[in-house]
Amino acid sequence: MTFFIDRLEHTYFESFKEQEDSHFSPVMASRLLDPVVVSSNKLLAEELGIDPDNLDSPEMLEVMSGNFMTANIKPIALVYSGHQFGVWAGQLGDGRAMTLGELPVANRGPVANRGPVVDGVTSSRELWDIQLKGAGPTPYSRFADGRAVLRSSIREYLCSEAMHGLGIATTRALSLVDSKTAVYREEVESGATVCRVARSHIRFGSFEHFHYRNQPESVRDLADYVVQRHFPQWVEDQDRYLKLFKNTVFKTAKMIAQWQSVGFNHGVMNTDNMSILGDTLDFGPFGFLDSYDPEFICNHSDTNGRYSFKNQPSVGLWNLNALATSLTSLLSSDELIDVLKQYEPEFLNQFRAIMVSKLGLEKYQAGDELLSNELLDLMQMNNVDYTILFRSLCDFNEANQTVRDQFIDREAFDQWAVKYLARLGQQDLSDADRRDNMRAVNPKYVLRNYMAQAAIEKAQAGDYSEVNLLLKVLQSPCKEHPEAQQYAGLPPDWAAKISVSCSS
Ligand code: AMP
Ligand code: MG
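Residues numbered from 1 in each chain as written. Chains lettered and ligands numbered in written order. Predicted model: local features only at pLDDT ≥ 70, side-chain atom pairs only at ≥ 80, totals over all residues. Heavy atoms only, no water.

(A) Quick peek at the overall build of the protein. Helix and strand counts for the protein come out as 18 helices and 12 strands. Radius of gyration (C-alpha) of the protein: 23 Å, near the 23 Å computed for a compact globule of 504 residues. Along the longest, intermediate and shortest principal axes, the C-alpha atoms of the protein span 70 × 60 × 45 Å. Among the 504 residues that make up the protein, the fraction classed as buried is 57%. Long-range pairs, those at least 24 residues apart, make up 74% of the contacts in the protein with a sequence separation of at least 6. Carbon together with sulfur atoms contributes 51% to the accessible area of the protein, which is approximately 20600 Å² in total. (Helix = DSSP H or I, 4+ residues; strand = E, 2+ residues; numbered from the N terminus. Rg over C-alpha atoms; globule rule 2.2 N^0.38 Å. Buried < 20%, exposed > 50% of the residue type's maximum accessible area, 1.4 Å probe, protein only. Contact = heavy atoms within 4.5 Å. Areas by Shrake-Rupley, 256 points an atom, 1.4 Å probe, with all protein chains shown as cover.)

Following this line, the structure appears as structure tokens:
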């Protein structure tokens, strides 16, 4: 058994070692005390070609708790900048994450939002960053401690896998380790690490960093690196930077359309939390909708609601504008604007297609958008649970009252149902087939805050079973999981009191 850490490559380090100070810093981890494995992700290990025995090995626990003495690892922290809540924040960087290296993985084809939007050819292998989050301070920690607490690490670990389970492009999480290291937040909590795995950790803010430092050659070097690593088929193309930007715009549009379709609110859409590949990145105070409320704000520190649920599509465009500004040394304003203009129609197309399939309609037809919007309006007015409604709609027919019973104004629902049934009657599809199609796109389980909270409270008492149960359920959220039936219903009353902020 080769330990997968021994197979890591270091293309980022090799590409920028001459400009080490400006692109990254070599760092050392500081180890956690008495580490224990909370959970390891066998499914991801398999996808990455990692021997599952690696995950349970003593070497793994050593590395994941920040003890690199025997493994010959030279970690680096990357620098980036960014706009936070619409304001230029200057230099940030990996303040509590370090990249251990890049794992070569056989390319398994277009999974989730992967593969380029232009030119379908992809290479036979990909490199995935292996990062350790919470292993101590770096030169970019500013005044913070470089640590992550168990509570926030459980949230990131579960949510990144939940997003993947929902078919949404995202960073992943390979393992979660707890310890006896005391970390000071509002109260003393235990320090933990998450092993984050991502195709890329390069952010919009990575490009902004060099643009605002007036280093156009570094903007170019970074763009070349991204093209070389992720789109080698474009390396010789004159218009490779345009293709790269277009890819980011289209992938971001699709990712946000998917967020909206599952009721996911990211909460901190700063430009340093936006991946250049359009993968969901940085799981902080995120939340999934319970009852359908477009005004929902999951981040309690976001007093003005800049990152509210309904604002996400337009914030996506704002962030892409910020990225475009940082690419002005590579592309003309006309080129950038032309691509930016394609964001909104692409978002609307993607969103419409998903909503139509959530309704069980095989082919979009004029009027379907209205049907879907009318349903959302009714759900908002009647405080109907987003996930439960769509899941129960899979079994909807004239005799079935479960959908109707979720509305206070039943007559209004009945009027909508007449139109919906008429529309369903126009397709040649049995109820059973429609139900199967709909069940594949309307999840039964999403990571509601109270579920994460239940797993956190048990884990803080030393019982990791709920973390592992939720991991299993959320990795296939559209399937039935009788052992987790308690998580398929409405949230309990105490869920309303949970407050999630950036403190992590
Ligand atoms: P976030 O809000 O998680 O996107 O973090 C914004 C910035 O703060 C990033 O540069 C993080 O690396 C940094 N940061 C957040 N928490 C910590 C911490 N506990 N120690 C060091 N840096 C941190
Ligand atoms: Mg961040």
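There is more to say after this.
(B) Quick look at the site of ligand 1. In the vicinity of ligand 1 there are 17 residues, among which G93, G95, D145, G146 and D282 approach most closely. A distance of 3.1 Å separates an oxygen atom of ligand 1 from a polar side-chain atom of R142. Separating an oxygen atom of ligand 1 from a side-chain N or O atom of D282 is a distance of 3.0 Å. For ligand 1, the protein covers 81% of the area, taking 480 Å² as the surface of the free molecule. Looking at side-chain class alone, the shell around ligand 1 contains 3 nonpolar, 6 polar and 8 charged residues. Composition of the shell around ligand 1 by domain shows at least three residues from each of domain 1 (2-202) and domain 2 (216-352). (Near = heavy atom within 4 Å. Polar contact = N/O pair within 3.5 Å; in protein donor to acceptor, adjacent residues only side chain to side chain. Nonpolar A, V, L, I, M, F, W, Y, C, P; charged D, E, K, R; others polar. Domains from an automatic or database assignment.)

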